[in-house]
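Residues per chain are reported as follows:
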Amino acid sequence: MKILVCISAVPDTTSKINFTADQKSFDTGGVQFVINPNDEFGLTRAVWFKEQQGAEVHIATVGEASVEPIMRKALAIGADKAFRINTHPLDGFLVANTLSEHIKTEHYDLVICGRESIDYNGNMVPGLIANHCNFAFINTCTSLTVDGNKATATREIDGGSETLETQLPLVVGAQKGLVEESDLKIPNMRGIMSARTKPLEIITPSSLETLTEDLSFEKPDSKGAITLVDEANIDQLIELLHKEAKVL
Amino acid sequence: MSVLVYLESENKAYKKTANELASYAAELANQLNTEAIGLVINNDQPEIIGGLNQIISVNNEALDTYTAEKFASLISVAFEKSGAQYLVIGSSADSKYLGGLISAKSSSGYIPNVIALPENIDGKTAFKRTVFTNKGYALTTPKTKRCIIGLSKNSFGSVRSDSGSRVESMILDVIDDPVSLISKSTVNGKATIADADIVVSAGRGLKGPENWHLIEELADVLGAATACSKPVSDLGWRPHSEHVGQTGKPVATNLYIAIGISGAIQHLAGINASKIKVVINNDPEAPFFKAADYGIVGDAFTIVPQLIEKLKAFKAENA
Ligand SMILES: Cc1cc2nc3c(=O)[nH]c(=O)nc-3n(C[C@H](O)[C@H](O)[C@H](O)COP(=O)(O)OP(=O)(O)OC[C@H]3O[C@@H](n4cnc5c(N)ncnc54)[C@H](O)[C@@H]3O)c2cc1C
């Protein structure tokens, strides 16, 4: 089985988000980038397929050279080969389109994306890829097994879960649950050393088409002050929620 | 040039979100001087949603079970046939699953997490959407003729309309889905994080899973869904499906009550879209106090039982 894990580089979850003075773009100054958490669950499952079922694991990231450190980290975690699609990921369509072009040339059996990236929260890349490449698609995937050509997956739905079955080739939208938090791999010294010499190919995409454009960005208004209620006066809280906030 | 809105059904009836989606679509159509059309699949009473110029109702046994490819194909065909410029969809797990698929099938841009009607920026129609998990907003414009708008739950509200809508049946082909549903399990009769008006959430301050009866009882009184912080689900005290925050489920309810949760930035990002936030924490320095609307500094184990009793009395009085 040949697997591609699509990885996006996102601001560390503790980052304060700021935009440039002209409000036109995200200010990356002082921001530490990490592997998108949803993608990390997917990568860990892919490495499990490598260790248990002899899969070959590639990763691909759409981005400029600045994303290479997180790609090296993914190699250190256990991926065999990396592809960087050399352009700025302007919208979800551009990302999916350029990844699809790569997927068609490499003939993967399984493509794992995160269900969404925590920066632009587009939640569209896996669905777009599935359609472009004519793969089956399972989103919000919380378990995945592959037996020959058959894949069985669990999908999280609102208020429950579903078990689904399909044939490879398949795209999944990964999230927490696909592997346990405690099974996420921290690269060890050997992994880090070997990642330095693993192949990282740079691809120039043939189309840079986008379907949407972000015209400007804003930060949320700062919040007003909290109303504190004394613990001896819980009735007051209920009164406030009822009369002032009107949520009870 | 019209606005088409896909209104989800469950067990042949509208899902709760249908009112807000129809209200948004009607206002968007009004702004554009055009018609709003609903698209409804396997619903016994499609006419009960008001405010739309027309409702297209599709009935087919093959659509009794939801699978994404099948639904996305059908909705794309309806989008094409209707000649609509916009397709509005919701933010449920099922609808988010459809967004990318319909976008590809209909060659139209998809703008998810939209929270408002469009504004005009230098002659372009821009939709405000949340980015960086509620830590920012983007104003995004479609570059395609047709466009899919994913409306965030609880961002627009429902406008009441007493007039029903005119219903027309449409017959559309249903494709075979390469993915098949083997089984489905849902928690019956309990509010879900996605649907509930109130969410009661607790963190590591609750000390252990044996104390969650307090949280469940409080949720029961309020008809609320239960949720938890990430470490609580990592420790196995609660199922992963209850983990809310930047790396868990997003929450956008009317009332979010956080008990024994410190208010880490990743937690707050995921719940910030909720209208009113209440915090109960024994540490006055907990960051959650900076993000909440109302708070009580004190021990959850003494406050929550009292809150339950007082809410029961309040409910009995206001029933
Ligand atoms: C990559 C990454 C992603 C993350 N994503 C998420 C996410 O999506 N969601 C999320 O929740 N977290 C997330 N986190 C974790 C986050 O950083 C915090 O560690 C976590 O939210 C803390 O959970 P907590 O508030 O339950 O526990 P703690 O931080 O331990 O806080 C417990 C609180 O309970 C209070 N308390 C203790 N006893 C009592 C009592 N008797 N009565 C009242 N209050 C009491 C304490 O004062 C304290 O404030 C993420 C972390 C990382 C690194």
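That block above? That's the structure.
### Concerning the interface of chain A and chain B
Quoted interface sizes are often the accessible area lost when the parts come together.
Turning to step 1, where the next piece is worked out: Facing the 71 residues of chain A at the interface are 88 residues of chain B.
Turning to step 2, where the next piece is worked out: Buried surface at the junction of chain A and chain B, summed over both partners, amounts to about 7,000 Å²; 59% is from carbon and sulfur atoms.
Turning to step 3, where the next piece is worked out: Of all residues in chain A, the largest losses of buried area upon contact with chain B belong to Asp158, Lys176 and Ile234 of chain A, amounting jointly to 9% of the total for that side.
Turning to step 4, where the next piece is worked out: At the boundary of chain A with chain B, the tally comes to 10 salt bridges.
Turning to step 5, where the next piece is worked out: Notably, a salt bridge pairs Glu213 of chain A with Lys124 of chain B, separated by 3.7 Å at the nearest N-O pair.
Turning to step 6, where the next piece is worked out: Applying the counting criterion to the chain A and chain B interface returns 42 residue pairs in polar contact (both at pLDDT 80 or more).
Turning to step 7, where the next piece is worked out: Taken together, the elements giving at least two residues each to the side of chain A that touches chain B come down to helix 4 (125-133), strand 7 (136-147), strand 8 (150-157), strand 9 (160-167), strand 12 (212-218), strand 13 (227-228) and helix 6 (234-244) of chain A.
Turning to step 8, where the next piece is worked out: Grouping the amino acids of the side of chain A that touches chain B by side-chain chemistry returns 30 nonpolar, 22 polar and 19 charged.

### Description of the pattern of salt bridges
Turning to step 1, where the next piece is worked out: One pass over the structure, following the stated rule, counts 29 salt bridges over all chains.
Turning to step 2, where the next piece is worked out: Notably, a salt bridge pairs Asp80 of chain A with Lys50 of chain A, separated by 2.7 Å at the nearest N-O pair. Residue Asp80 of chain A is located in the loop between helix 2 (68-77) and strand 5 (81-85), and its partner Lys50 of chain A is located in helix 1 (residues 37-53); the two are separated by 30 residues in the primary sequence.
Turning to step 3, where the next piece is worked out: The class for Asp80 of chain A is partly exposed, based on a relative accessible area of 25%.
Turning to step 4, where the next piece is worked out: Since its relative accessible area comes to 26%, Lys50 of chain A is described here as partly exposed.
Turning to step 5, where the next piece is worked out: Notably, a salt bridge pairs Glu217 of chain B with Lys312 of chain B, separated by 3.5 Å at the nearest N-O pair. With a gap of 95 residues between them, Glu217 of chain B in helix 4 (residues 212-222) and Lys312 of chain B in helix 8 (residues 300-318) connect regions that are remote in the sequence.
Turning to step 6, where the next piece is worked out: Among the residues examined, Glu217 of chain B registers a relative accessible area of 30% and is labelled partly exposed.
Turning to step 7, where the next piece is worked out: Given a relative accessible area of 38%, Lys312 of chain B falls into the partly exposed group.
Turning to step 8, where the next piece is worked out: Among the ionic contacts, a cluster of salt bridges with common partners joins Arg155 and Glu162 of chain A together with Asp94 and Lys184 of chain B.

### So, the layout of surface pockets
Turning to step 1, where the next piece is worked out: Taken as a whole, the second largest pocket spans an internal volume of roughly 1,100 Å³.
Turning to step 2, where the next piece is worked out: The wall of the second largest pocket is formed by 50 residues, among which Pro89, Leu90, Val95, Asp119 and Tyr120 of chain A lie closest to the centre.
Turning to step 3, where the next piece is worked out: Within the residue set of the lining of the second largest pocket, elements represented by two or more residues are strand 2 (9-11), strand 4 (56-62), helix 3 (92-106), strand 6 (110-114), helix 4 and strand 12 of chain A together with strand 7 (109-114) of chain B.
Turning to step 4, where the next piece is worked out: Tallying contributions element by element places strand 12 of chain A first for the lining of the second largest pocket, with 4 residues.
Turning to step 5, where the next piece is worked out: Of the residues assigned to the lining of the second largest pocket, the class counts are 23 nonpolar, 16 polar and 11 charged.

Scoring rules and cut-offs
- Note that residues are indexed from 1 along each chain, following the sequence as it is written.
- By the order in which they are written, chains take letters starting at A while ligands take numbers starting at 1.
- Selection of residues for local features in this predicted model requires a pLDDT of at least 70, selection of side-chain atom pairs for listing and counting requires 80 or more, and totals for whole chains, interfaces and linings are taken over all residues.
- With hydrogens and water set aside, each side-chain value is computed from the structure's full complement of heavy atoms.
- Throughout, a contact is declared for two residues whenever any of their heavy atoms are within 4.5 Å.
- Accessible surface is computed with a 1.4 Å probe, and the buried area is the amount of it that two parts give up when combined, taken over both parts together.
- A pair is scored as a salt bridge if a Lys or Arg side-chain nitrogen falls within 4 Å of a carboxyl oxygen belonging to Asp or Glu.
- Polar contact criterion, stated in full: a pair of N or O atoms within 3.5 Å, where within protein one must be able to donate a hydrogen and the other to accept it, and residues adjacent in sequence count only if both atoms are side-chain atoms.
- Each helix is a run of H or I in the DSSP string that is no shorter than four residues. Each strand is a run of E no shorter than two, and both are numbered from the N terminus.
- Ten residues, namely Ala, Val, Leu, Ile, Met, Phe, Trp, Tyr, Cys and Pro, are considered nonpolar, four, namely Asp, Glu, Lys and Arg, are considered charged, and the remaining ones, Gly among them, are considered polar.
- Exposure categories follow from relative accessible area, calculated using a 1.4 Å probe and restricted to protein chains: below 20% of the type maximum is buried, above 50% is exposed, and the middle band is partly exposed.
- Here a cavity means grid points, on a 1 Å grid over the protein atoms only, where a 1.4 Å probe fits yet cannot get out; a pocket means an open set of points with protein on both sides within 12 Å along at least five of seven lines; lining residues are those with an atom within 4 Å of a point.
- Grid points are joined across faces, edges and corners, and a volume is the space filled by probe spheres set on the points.

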